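# A structural walkthrough
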Amino acid sequence: MVESSPNIPVQRLVDLHIEYAAGVPGNRESLWHTLGIWQLKQLKYLGLNPGSHLLDVGCGPLRLGMYVIPFLEDDHFWGVDPYAPYEKLAKAIMKETGCRKKYTIKIGADFPFVDSGRKFDFAMAQSVVTHLSNNQLDHLMTNLKRSMAPGGQFVFTYTDNPYPYGIFYEMEYPMITPAGLNDKYFSKLAERFEIEYLGCPGGIEPHPTGQRVGVFQF
Ligand SMILES: C[S@@+](CC[C@H](N)C(=O)[O-])C[C@H]1O[C@@H](n2cnc3c(N)ncnc32)[C@H](O)[C@@H]1O
């Protein structure tokens, strides 16, 4: 059971994307609620509670945020994303949920959360590591190492592609899709950053689009 499910119809979310010139509506919108609820459920399964501080890496226009901000205490959500139109779209979406809690979104591609003034208990990157180069992932891990609470968990989804390829996110923002992401790669990364790679903990539900799930513990 997910508390305070914000019942915004998918058509309304599509209309808001168009109104705020925030990209081309596609399958991300059709699975909007499924993916928002899936993220919240997995975080709660891993121990997220209202007092936790949560970081959403690649928060988009708050697909997870619209579910989790009402659940968390005021000002316990911090999101980062490089795609500037999402800032205003996220604000419009949160307004429609009726939730008035404070949250932060920082726009930037270089993981601008080290100055958040808090240590995060959980971080989530849903379908984001799938868009980062190996160097960007190193940069993300460096910033997480500085920003996660001891024992904090970073949950991420990924695909193991045989070849890297480039995309234009929302037909304008250049991003890559890396290859070679697998348990061996993440275990080595954990070794370098002196943290633990837990793989996909038992009890995590399958990802709605079939992506794999991994968890680092700090
Ligand atoms: C498929 S969307 C997923 C959005 C969100 N996590 C969700 O579940 O709705 C991928 C997101 O990754 C973001 N992204 C790409 N490069 C990034 C970077 N360097 N830092 C943070 N986010 C990034 C994109 O802007 C986009 O919002």
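Up top you'll find the structure we're talking about.
Throughout this document, residue positions are counted from 1 along each chain, in the order its sequence is written. Whole-chain, interface and lining totals are the exception, using all residues; otherwise, since this is a predicted model, local features are given only for residues with pLDDT of at least 70 and side-chain atom pairs are given and counted only at 80 or more.

Along its length, the protein chain carries seven helices and nine strands. As defined in this context, the radius of gyration uses C-alpha atoms, and a globule is described by 2.2 Å times the residue total to the power 0.38. In terms of overall size, the protein chain behaves like a compact globule, its C-alpha atoms giving a radius of gyration of 16 Å where 218 residues would be expected to give roughly 17 Å. Here the protein chain holds 218 residues, and 36% of them are scored as buried. Think of it this way: build a C-beta for each residue from its backbone, and any pair within 7 Å is a contact. Within the protein chain, contacts between residues separated by at least 24 positions form 70% of all contacts whose residues are at least 6 apart in sequence. Where helices and strands are cited, they refer to DSSP runs of H or I of at least four residues and of E of at least two residues respectively, numbered from the N terminus. Each residue is classed by its C-beta neighbour count within 10 Å, where at least 20 other C-beta atoms makes it buried, 12 or fewer makes it exposed, and intermediate counts make it partly exposed; the C-beta atoms are placed from backbone geometry.

The nonpolar core is taken to be a set of buried Ala, Val, Leu, Ile, Met, Phe, Trp, Tyr and Cys residues joined by way of C-beta atoms within 7 Å. Counting 52 residues, the largest nonpolar core has Val57, Val68, Ala123, Met124 and Val129 as its most contacted members. Contacts of Met124, omitting those with residues within four sequence positions, involve Gln39, Leu43, Asp56, Val57, Leu64 and Val155.

If you check the backbone angles, Ala21 has positive phi at about 45 degrees while not being a glycine. On the neighbour-count criterion, Ala21 (10 C-beta atoms within 10 Å) is exposed. Here Asp75, not a glycine, exhibits a phi torsion of approximately 65 degrees, which is positive. Mapped onto the fold, Asp75 is located in the loop between helix H4 (65-71) and strand E2 (77-81). The partly exposed category is assigned to Asp75, around which 13 C-beta atoms lie within 10 Å.

The next subject is helix H3 (residues 32-46). A helix is expected to reach a length of 1.5 Å times the quantity of its residues less one. Here H3 spans 22 Å end to end across 15 residues, near enough to the 21 Å set by a 1.5 Å rise per residue. For H3, the complete set of buried residues consists of Trp32, His33, Leu35, Gly36, Trp38, Gln39, Leu40, Gln42 and Leu43. Of the residues flanking the end of H3, it is Gly47, one or two places downstream, whose phi is positive at about 120 degrees.

In this text, near has one meaning. A residue is near a molecule or strand if its C-beta atom, placed using the backbone, is within 6 Å of it. Near the ligand you find 20 residues, and of these Gly58, Gly60, Arg63, Gln126 and Ser127 are the closest. Asp, Glu, Lys and Arg are counted as charged, while Ala, Val, Leu, Ile, Met, Phe, Trp, Tyr, Cys and Pro are counted as nonpolar; the rest, among them Gly, fall into the polar class. Classifying every residue of the shell around the ligand by side-chain character gives twelve nonpolar, six polar and two charged.

Any two strands are treated as partners once DSSP identifies two or more bridges connecting them. The seven strands are arranged E3-E2-E1-E4-E5-E9-E8 in an open sheet whose pairing can be described as mixed. Two strands close off the open sheet at either side, each with one partner strand: strand E3 (104-107) and strand E8 (196-199). When strand polarity is set aside, the average angle formed by the axes of neighbouring strands in this sheet is 20 degrees. Two strands pair when backbone bridges link them, and E8 and strand E9 (residues 212-217) are joined in this way by three bridges, in the antiparallel orientation. From the neighbouring strand, Glu196 faces E9, where its bridge partner is Gln217. In this analysis, axes come from line fits to C-alpha atoms, helices being fitted only over the stretch in contact, and the angle between any two N-to-C directions falls in the range 0 to 180 degrees. Packing of helix H6 (residues 134-147) onto the sheet brings it into contact with strand E1 (54-57), strand E4 (120-125) and strand E5 (148-158), and relative to E5 it is tilted by some 150 degrees. Contacts between helix H7 (residues 183-193) and the sheet are confined to E8 and E9, with E8 contributing the most and set at about 155 degrees to the helix.

Time to look at the pairing of E9. Regular strands show a simple pattern: their side chains alternate between the two faces of the sheet. The pairing of E5 with E9 spans six bridges and is classified as antiparallel. In the strand pairing of E9, Val155 is matched with Val215.

What follows concerns the environment of Tyr20. Of note, Tyr20 is situated in the loop between helix H1 (10-19) and helix H2 (27-30). On a C-alpha basis, the gap between Tyr20 and Ala92 in space is 8.9 Å, while along the polypeptide they are 72 residues apart. Beyond its immediate sequence surroundings of up to four residues, Tyr20 is in contact with Pro85, Lys88, Leu89 and Ala92.

A few words on H1. Of all the positions in H1, only Leu13, Leu16 and His17 are classed as buried. Mapping the buried residues of H1 onto a view down its axis gives an arc of 105 degrees, with all of them on the same face. Away from the buried face of H1 by more than 90 degrees, exposed residues Gln11, Arg12, Asp15, Ile18 and Glu19 are located. Two residues or fewer past H1, Ala21 is found with a positive phi of approximately 45 degrees. It is the directions from the helix axis to the C-beta atoms that the arc portrays.

Assignment of secondary structure puts Pro112 in the loop between E3 and E4. For the pair formed by Pro112 and Ala125, sequence separation is 13 residues and the distance between their alpha carbons is 14 Å. If we ignore the near neighbours within four places in the chain, the residues touching Pro112 are Val80 and Lys106.

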